[in-house]
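Observations on the model geometry
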Amino acid sequence: MYSNLNIMISLSTFLAIPGPASIVLIVVVVLLLFGGRKIPELMRGLGSGIKEFKDATKEDEDPNKIEDKK
């Protein structure tokens, strides 16, 4: 039991500090899960989602735009 706890603590420390090793591990896991052909499509979807989120937050921040629409 103690060795499992020790492994979990060292793994969480390894992943908590962003560095080259953790980035490589994340990239390998993503490649194994999705494959090389699916990655560009996932990135496009992520980019469009971020763009929509930014546009939505800009609408909420500018009260003049909301009043003009009414």
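Note that the structure is a prediction, hence the values are computed from the model and not measured.

Considering the overall build of the chain
Across its full length, the chain carries four helices and zero strands. Taken as a whole, the chain presents about 6,500 Å² of accessible surface, with 67% of it coming from carbon and sulfur.

Concerning a nonpolar patch on the surface
A cluster of nonpolar side chains, contributed by Leu25, Ile26, Val29, Val30, Leu33, Phe34, Leu42, Met43, Leu46 and Ile50, occupies part of the molecular surface with about 880 Å² of accessible area. The leading source of residues in the nonpolar patch is helix α2 (residues 20–34), at six residues. You can see Ile26 is positioned in helix α2. In this structure Ile26 comes out as exposed when scored by relative accessible area, which is 52%.

Describing the pattern of salt bridges
Inspection of every chain in the model, using the stated rule, returns one salt bridge. The salt bridge partner of Lys38 is Glu41, with a shortest N-O separation of 3.7 Å. With relative accessibility at 39%, the residue Lys38 sits in the partly exposed group. Its relative accessible area of 46% is what places Glu41 among the partly exposed residues.

Side note on α2
In this model α2 runs 21 Å from its N-terminal to its C-terminal C-alpha over 15 residues, within 8% of the 21 Å that 1.5 Å per residue would give. Downstream of α2 by one or two residues, Gly35 has phi in the positive range, about 85 degrees.

Re a negative patch on the surface
On the surface, Glu52, Asp55, Glu59 and Asp60 cluster together to form a negatively charged patch. Residue position: Asp60 is located in helix α3 (residues 39–61).

Concerning the confidence of the model for the chain
Across the chain, the average pLDDT comes to 76, with 61% of residues at 70 or higher. Looking at the elements of the chain, mean pLDDT is at its lowest for helix α4 (residues 63–69), recorded as 56, and at its highest for α3, recorded as 88.

So, the environment of Val30
Examined against the element boundaries, Val30 turns out to sit in helix α2. Taking the relative accessible area as the measure of exposure, Val30 reaches 30% and is therefore partly exposed.

The rules behind each value
- The numbering scheme is per chain: residues are counted from 1 as the chain's sequence reads.
- Reporting in this predicted model follows two pLDDT cut-offs: at least 70 for local features of residues, and 80 or more for side-chain atom pairs to be given and counted; totals over whole chains, interfaces and linings ignore these cut-offs and use all residues.
- With hydrogens and water set aside, each side-chain value is computed from the structure's full complement of heavy atoms.
- Here a strand is any run of E in DSSP of at least two residues, a helix any run of H or I of at least four, and the numbering for each starts at the N terminus.
- Each accessible area value is a Shrake-Rupley result obtained with a 1.4 Å probe; residue values ignore everything except the protein chains displayed when judging cover.
- Residues enter a patch when their relative accessible area is above 30% and they make no salt bridge; the linking distance is 9 Å between like charges and 5 Å between nonpolar side chains (Val, Leu, Ile, Met, Phe, Trp, Tyr).
- In what follows, salt bridge is the name for a side-chain nitrogen of Lys or Arg lying within 4 Å of a carboxyl oxygen of Asp or Glu.
- The buried label goes to any residue with under 20% of its type's maximum accessible area, the exposed label to any with over 50%, and the partly exposed label to all in between, with areas taken from a 1.4 Å probe on protein chains only.
- Residue count minus one, scaled by 1.5 Å, sets the expected span of a helix.
- Only four residue types enter the tally: Lys and Arg on the positive side, Asp and Glu on the negative side; His and the chain ends are excluded.
- Where a charge lies is defined by one atom per residue type, namely NZ (Lys), CZ (Arg), CG (Asp) and CD (Glu).
- What pLDDT conveys is the predictor's confidence in a given residue, as a value from 0 to 100.

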